Amino acid sequence: MADNLNDRISILRKKRKLTQSELANKAHVSTVSISNYERGIRTPDSKTLSKIAKALNSPLWLLSDGLPDPNDKTYNYDYFLDADDNDMQKYYMEKQAEANDDFFSRIEDKGNFLKQYINDIEQLQFVDDLTRLANIVQYEKSSIINRERLEQLRKSPGNVDAINYDPFKKNHETNKELRKKNYKLYFLSPTTQNLVALIREIDDGKTEISKEQLIEKLQSILDQAYKEIVSKHLV
């Protein structure tokens, strides 16, 4: 496709089925000048270019600037060479629609990127919050154990068993008796029941729960809570 002025003069001349001599006569320039312009030996000044465009019955911009999109097979030289106002309006409306589609597509892409970015930030914050929560739970549990052991030693300074005293094991025995009654928490949501079950598991004292396991369990409970919200409000 023509990218240069000399190529465009030649293309439009041939589309008008004119010889170099005929175009020269219509544009009031010499045939040698037209030949030099088409071969790129010389470049017409603005006044001469305007005469050539008029002789070709072509828009001046088409000759001077070329096609808006050389790869567009619809809006080519044949289209613009004889385009009237309606044709140009159709072209501009279609290109505006394409520009709008492209604009909104880019906006949507940026929106999706921003949404994902915010989600990633929230997830990082969420993990941080869970980590802090796990730390608090572990810290509080250790504090309670140490406090109870000190209390046992205060009551009985010679009690060596106080060093290994674990109030959660005692609570576990008490809770086991209570659970034999098999109370049902029908009035609690599944999420609350899961939290209660997790608290009981921590209180049992049978199995030590690591920070990572606690985070995983809390994540699972919060995922369940999210599903509950979705099922209730986004059906």
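Note: the structure precedes this text.
Conventions we followed
- Residues numbered from 1 in each chain as written.
- Predicted model: local features only at pLDDT ≥ 70, side-chain atom pairs only at ≥ 80, totals over all residues.
- Heavy atoms only, no water.
- Phe/Tyr/Trp six-rings, centres within 6.5 Å; stacked < 30°, edge-to-face > 60°.
- Buried < 20%, exposed > 50% of the residue type's maximum accessible area, 1.4 Å probe, protein only.
- Helix = DSSP H or I, 4+ residues; strand = E, 2+ residues; numbered from the N terminus.
- Salt bridge = Lys/Arg side-chain N within 4 Å of Asp/Glu carboxyl O.
- Arc of directions from axis to C-beta.
- Axes fitted to C-alpha atoms, helices over the stretch in contact; angles between N-to-C directions.
- Parallel < 35°, antiparallel > 145°, perpendicular 65-115°, else oblique.
- Left-handed = near helix turned anticlockwise from the far one by under 90°.
- Contact = heavy atoms within 4.5 Å.
- Nonpolar A, V, L, I, M, F, W, Y, C, P; charged D, E, K, R; others polar.

Trainee: Please clarify how the packing of aromatic side chains should be interpreted in this entry.
Mentor: For any pair of aromatic rings, geometry is given as the distance between the ring centres together with the angle between the planes. This structure, assessed with the given rule, holds seven aromatic pairs. With 4.8 Å between their ring centres and 90° between their planes, Tyr75 and Tyr79 make a pair best called edge-to-face. Judged by relative accessible area, Tyr75 falls into the buried class, the value being 2%. Look at Phe80 and Tyr91: their rings are 5.0 Å apart centre to centre, the planes differ by 85°, and that puts the pair in the edge-to-face class. Of this pair, Phe80 sits in helix H6 (residues 77–81) while Tyr91 sits in helix H7 (residues 85–155), and the two are eleven residues apart along the sequence. In this structure Phe80 comes out as buried when scored by relative accessible area, which is 1%. You can call Tyr91 buried: its relative accessible area is 9%. Chaining the aromatic ring pairs together yields one cluster made of Trp61, Tyr75, Tyr79, Phe80, Tyr91 and Tyr92.

Trainee: I would appreciate a short explanation of the pattern of salt bridges in the present structure.
Mentor: Should their charged atoms come close, side chains of opposite charge can pair. Inspection of every chain in the model, using the stated rule, returns four salt bridges. When the shortest N-O distance is used, the salt bridge between Arg16 and Asp82 registers 2.9 Å. Of this pair, Arg16 sits in the loop between helix H1 (5–15) and helix H2 (20–27) while Asp82 sits in the loop between H6 and H7; the two residues are 66 residues apart in sequence, bridging distant segments of the chain. The class for Asp82 is exposed, based on a relative accessible area of 51%. In this structure, the salt-bridge partner of Lys95 is Asp72, at a minimum N-O distance of 3.1 Å. Placement of the pair is Lys95 in helix H7 and Asp72 in the loop between helix H5 (60–65) and H6, with a sequence separation of 23 residues.

Trainee: Quick question: what am I supposed to make of H2 here?
Mentor: Helical periodicity: at 3.6 residues per turn, an α-helix aligns residues three or four positions apart in one direction. For H2, every residue scored as buried is listed here: Leu23, Ala24 and Ala27. Projected down its long axis, H2 carries its buried residues within an arc of 100°, all on one side. Just downstream of H2, His28 is the residue with a positive phi angle, here 60°.

Trainee: What should I look at first to understand the packing of H2 against helix H4 (residues 46–55) in this one?
Mentor: The description of two helices packed together rests on the angle between their axes and the distance between the axes. Where H2 meets H4, the axes come as close as 8 Å, and the angle between the chain directions of the two elements is 115°. Classed by the angle they form, the pair H2 and H4 counts as roughly perpendicular. Like other packed secondary-structure pairs, H2 and H4 cross with a definite hand, here right-handed. Here Leu23, Lys26 and Ala27 of H2 come into contact with H4, specifically with Lys51, Ile52 and Ala55. In the contact of H2 with H4, the residues fall into four nonpolar, no polar and two charged.

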